[in-house]
Amino acid sequence: MISSVRGEVLEIALDHVVIESAGLGYRVNATPATLATMRRGEHARLMTAMIVREDSMTLFGFADPDARDLFGLLLTVSGVGPRLAMATLAVLEPDALRAALSDGNTAALTRVPGIGKRGAERMIVELRDKVAAFGGNGAAPLSAVPASPVREQVVEALVGLGFPLKQAEQSTDTVLADAPDADTSTALRAALSLLGKSR
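Owing to the predicted nature of the structure, the values given are computational and were not obtained by experimental measurement.

Rules used in this analysis
- Residues numbered from 1 in each chain as written.
- Predicted model: local features only at pLDDT ≥ 70, side-chain atom pairs only at ≥ 80, totals over all residues.
- Heavy atoms only, no water.
- Helix = DSSP H or I, 4+ residues; strand = E, 2+ residues; numbered from the N terminus.
- Contact = heavy atoms within 4.5 Å.
- Pairing = 2+ DSSP bridges.
- Core = buried A, V, L, I, M, F, W, Y, C linked by side-chain atoms within 4.5 Å.
- Buried < 20%, exposed > 50% of the residue type's maximum accessible area, 1.4 Å probe, protein only.

### Overview of the environment of Val-5
Reasoning step 1: As for its placement among the helices and strands, Val-5 is situated in strand β1 (residues 4-12).
Reasoning step 2: Distance from Val-5 to Leu-59, taken between C-alpha atoms, is 9.7 Å for residues 54 residues apart in sequence.
Reasoning step 3: Discounting chain neighbours no more than four positions away, the residues touching Val-5 are Ile-19, Ser-21, Tyr-26, Ala-44, Arg-45, Leu-46, Thr-48 and Leu-59.

Here it is, written out as structure tokens:
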């Protein structure tokens, strides 16, 4: 079992990074938020989970043990495989995911591509008690600003483009605080511009 990889970043793609360690290049699948912290030529360390199948051995990388443990927890839900577990962590950061599961927030979970209402309900039923005893405080608010149709549409669009939910909400809230009357397309362009500057 490979539980972490440390070394030089050789390559960064949309869904994975290649890290050279002890002369071997390890391809590690990761979320956009994790990949955004990587720089080619620099050294990096990722906590990893190794999934072994009949026809493949795949490494999934995480910035910290907390995210890796949540990934493992998600895999215990019937119908949730590694890709869906990674998609969930791409949309909901660990604290937000714990809060959604603890609060029974199906709306937050269905923002994840591939998770419908039934899947979200199954996740809540199977994991609610487990996350209560899990790391973190589970009390992170999913939204500190009152919901509005424009805000919801912009956040949903940004998440669909691969940005983590927390980042999407923060940029949208910043834009709407400056321009509360902005329409959806104007707010989306402004939020994308803001996110582009922060990368």
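### Considerations on the side chain of Thr-31
Reasoning step 1: Position of Thr-31 relative to the elements: it lies in the loop between β3 (24-29) and α1 (32-35).
Reasoning step 2: Ignoring sequence-local partners within four residues, the contact set of Thr-31 consists of Met-86, Leu-89 and Ala-90.

### Comments concerning the pairing of β3
Reasoning step 1: Note that strand β2 (residues 16-21) and β3 share six bridges and pair antiparallel. Across the sheet, Val-18 pairs through a bridge with Arg-27, a residue of β3.
Reasoning step 2: If you look at the hairpin formed by β2 and β3, you'll find two residues sitting between the two strands, and Ala-22 has a positive phi there, around 55°.
Reasoning step 3: Pairing of β3 with strand β5 (residues 56-62), which is carried by two bridges, proceeds in the parallel orientation. Residue pairing across strands places Val-28 opposite Leu-59, the latter belonging to β5.

### With respect to the nonpolar core
Reasoning step 1: One finds Phe-71, Leu-92 and Leu-109 to be the most contacted residues of the largest nonpolar core, which totals 43 residues.
Reasoning step 2: When neighbours within four sequence positions are excluded, Leu-109 is seen to be in contact with Leu-92, Leu-97, Ala-100, Leu-101, Ile-115, Ala-120, Met-123 and Ile-124.
Reasoning step 3: If you look at the next biggest cluster of nonpolar residues, it comprises eleven residues, including Val-5, Val-9, Ile-19 and Ala-30.

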